[in-house]
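Chain and residue survey
For reference, the chains in residue letters:
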Amino acid sequence: MVYNVSLKKRAIKALEKINEPYYSRLKKALYDLANDPRPVGYKKLKGREGYRIRVADYRIIYKIHDNVLTVVVIGIGHRKHIY
């Protein structure tokens, strides 16, 4: 099943500020979430709803809505600042 991946405005702004080569790696990871929203290495967040994946020093925080096949990306950022 292919999921629809949507990004919140906050995530889009954060992605625009990231330089290469991280930008390309994050973009590929976002596209890959459409095919597999629970990739190897994903973790369920504690203390709040959602999941995270790690891409180099960056994290992608997202929610999965299985009933409508949607992945909503809440935030993207450096691991120091994302939580």
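Look up a bit, the structure's there.
I will try to describe carefully the structure that is included in this document.

With that settled, the discussion passes to unusual backbone geometry. Here the amide bond leading from Glu-20 into Pro-21 is cis, since omega sits at 0°, within 30 degrees of zero. Following the sequence through the fold, Pro-21 ends up in the loop between helix H1 (9-16) and helix H2 (22-35). In this structure, Ala-56 takes a positive phi of about 55° despite not being glycine. You can see Ala-56 is positioned in the loop between strand S3 (51-55) and strand S4 (58-65). What makes Ala-56 partly exposed here is its relative accessible area of 28%. One non-glycine residue, Leu-69, adopts positive backbone phi at about 50°. With respect to the helices and strands, the residue Leu-69 is situated in the loop between S4 and strand S5 (70-78).

This part covers the sheet that holds S4. Across the sheet, five strands lie side by side as S1-S5-S4-S3-S2; this open sheet has mixed pairing. Both outer strands of the open sheet, strand S1 (4-7) and strand S2 (43-44), are each paired with one neighbouring strand and no more. Pairing between S1 and S5: four bridges, direction parallel. Each residue of the ladder has a partner; that of Asn-4, found in S5, is Thr-70. In the packing of H1 onto the sheet, the strands contacted are S1 and S5, and the crossing angle to S5 comes to about 45°. Sheet strands in contact with H2 are S1, S3, S4 and S5, and its direction is about 15° off that of S4.

Rules used in this analysis
- Residues numbered from 1 in each chain as written.
- Predicted model: local features only at pLDDT ≥ 70, side-chain atom pairs only at ≥ 80, totals over all residues.
- Heavy atoms only, no water.
- Helix = DSSP H or I, 4+ residues; strand = E, 2+ residues; numbered from the N terminus.
- Buried < 20%, exposed > 50% of the residue type's maximum accessible area, 1.4 Å probe, protein only.
- Pairing = 2+ DSSP bridges.
- Contact = heavy atoms within 4.5 Å.
- Axes fitted to C-alpha atoms, helices over the stretch in contact; angles between N-to-C directions.

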